[in-house]
Amino acid sequence: MRKAKKLLLLVNIVVLVCTGLALVSPLVHPADSTLPGLMGLLFPLLLAINLVFIAVWSIAREWYVLLSLGLLIVGWSRIAAFVQISTEPVTADDGYRIATYNIFQFNRMTSADRHEALVDMITSLGHPDVLCLQEARGLDAMIEGTGYPYHFHIPGSLSYLLSKFPIVDAEHLEFGEQPSLSGWADIAFPDDTVRMYVLYLASSRVTEEAGRLMEDGRIQDRRTWVEIRNLLGKYSRASLVRAEQAEVIGDHLAGSPHPVLVCGDFNDIPQSYTYARIAGGLQDSFIACGRGIGTTYAGGIPGLRIDYILASPEIRFLSHTMPRLSTSDHYPVVAQIRIPDL
């Protein structure tokens, strides 16, 4: 019994170290070390394992319960970016509705008429005042009739911003030699002009492979471990690219002459340097008004939150929802906001 307890404690300590690395991963640039970022990717799993250890040590009446419990208390702000506890969903009818959605190039839309499918999708989102779309192949030919008189297509990308209010200025973001799938637009809301960023950051292109490995991979097979190593390599390289993009975006945000809204697919989790660099000083709609687990990726890897709506402190979030639409491998993020008359 004593040996079993010592072994369990050793496993608990290993999990604590991994969890600690996950908690500090937003502070560590991937160029300095990739290990914290990889642990950050496993944060939902590590959180669940720590909860199991808390339950086990509580039942055994051991003081070791303080190890996982203390670490989770210290890291509560990180946990809040993944799960929000609320007794009732928050809804709001006033203000403006903002939405972002990676629509996966319409690949999961069942209607043969893509324009009709697009209109149905917009209707299901409550016809937002501003809609940001990523991977929207062929959208130029379908905007008419959607109810958006103003739109901005980021050159050379499949990223779009559709607006009911005038766009007074717009530009894509420069990422040096990297292709830019992101941009910004100044939107003249009735209350104030807001600079809105539409982001689609570098993808590691590993989610489908990872989902297949989770279903078919055999832990005892050498091939499975080779594929896992290759996936981790792809993820680490893409994390470095996203971190560099986040540096550019963060600097651009700091120079905005207007309050900002940031919408899009970051292809990265809240426990990442990319998210921390962009979201620093901004509000997160999920943290402000969310409920439950903030999963936005509908593919094979569970628990990923990679799509966001962020805002300047002076903009108030009234509600946050993630409708479970089946038209993409992502879920849309919808937020109701109020913009003060500045």
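These remarks concern the structure in this document.

A few points about unusual backbone geometry
Move 1: Positioned with a positive phi, Glu135 is a non-glycine residue whose angle comes to about 55°.
Move 2: Note that Glu135 resides in the loop between strand E3 (130-134) and strand E4 (150-153).
Move 3: A relative accessible area of 10% means that Glu135 is categorised as buried.
Move 4: For Asn267, which is not a glycine, the phi torsion comes out positive at approximately 55°.
Move 5: Inspection of the secondary structure puts Asn267 in the loop between strand E9 (260-265) and helix H9 (273-279).
Move 6: Note on Asn267: relative accessible area 16%, which makes it buried.

Thoughts on the side chain of Ser312
Move 1: Note that Ser312 resides in the loop between strand E12 (307-311) and strand E13 (316-321).
Move 2: Residue classification places Ser312 among the buried positions, given a relative accessible area of 7%.
Move 3: For Ser312, the side chain forms a polar contact with the main-chain nitrogen of Val260, separated by 2.8 Å.
Move 4: Here Ser312 is in contact with Pro259, Val260, Leu282 and Gln283, once residues within four sequence places are set aside.

A few points about a nonpolar patch on the surface
Move 1: A contiguous nonpolar patch, built from Leu7, Leu10, Val11 and Val14 and spanning about 360 Å² of accessible area, is present on the exposed surface.
Move 2: Mapped onto the elements, Val14 comes out in helix H1 (residues 2-24).
Move 3: For Val14, a relative accessible area of 48% corresponds to the partly exposed category.

Some points on helix H3 (residues 43-60)
Side chains three or four residues apart in an α-helix point the same way, a direct result of the helix having 3.6 residues per turn.
Move 1: Compared with an ideal rise of 1.5 Å per residue, which puts 18 residues at 26 Å, H3 spans 25 Å between its outermost C-alpha atoms and is within 8% of the ideal.
Move 2: Those residues of H3 that are buried are in contact with H1, helix H2 (35-41), helix H4 (65-74) and helix H5 (76-80).
Move 3: Positive backbone phi, at 55°, marks Arg61, one or two positions downstream of H3.

Side note on the sheet that holds E4
Move 1: Spatial ordering of the open sheet is given by E4-E5-E3-E2-E14-E13, a layout of six strands whose pairing is mixed. Strand pairing shows two members of the sheet lacking a second neighbour, E4 and E13, which therefore form its edges. Taken pair by pair, the neighbouring strands of this sheet meet at an average axis angle of 15°, ignoring direction.
Move 2: Relative to strand E5 (residues 160-163), E3 is paired through four bridges, and the arrangement is antiparallel. Across the sheet, the residue bridging to Cys132 is Leu161, located in E5.

Brief notes about the packing of H1 against H4
Move 1: Contact geometry of H1 with H4 gives a least axis separation of 10 Å together with a crossing angle of 5°. Comparing the axis directions of H1 and H4 gives the class roughly parallel. Contact residues: H1 offers Leu9, Asn12, Leu16, Thr19, Gly20 and Leu23, while H4 offers Leu67, Ser68 and Leu71.
Move 2: Here the residues of the contact of H1 with H4 are counted per class, giving five nonpolar, four polar and no charged.

Calculation criteria
- Residues numbered from 1 in each chain as written.
- Predicted model: local features only at pLDDT ≥ 70, side-chain atom pairs only at ≥ 80, totals over all residues.
- Heavy atoms only, no water.
- Helix = DSSP H or I, 4+ residues; strand = E, 2+ residues; numbered from the N terminus.
- Buried < 20%, exposed > 50% of the residue type's maximum accessible area, 1.4 Å probe, protein only.
- Polar contact = N/O pair within 3.5 Å; in protein donor to acceptor, adjacent residues only side chain to side chain.
- Contact = heavy atoms within 4.5 Å.
- Patch = residues over 30% accessible without salt bridge, like charges linked within 9 Å, V, L, I, M, F, W, Y side chains within 5 Å.
- Areas by Shrake-Rupley, 256 points an atom, 1.4 Å probe, with all protein chains shown as cover.
- Salt bridge = Lys/Arg side-chain N within 4 Å of Asp/Glu carboxyl O.
- Expected span 1.5 Å × (residues − 1).
- Pairing = 2+ DSSP bridges.
- Axes fitted to C-alpha atoms, helices over the stretch in contact; angles between N-to-C directions.
- Parallel < 35°, antiparallel > 145°, perpendicular 65-115°, else oblique.
- Nonpolar A, V, L, I, M, F, W, Y, C, P; charged D, E, K, R; others polar.

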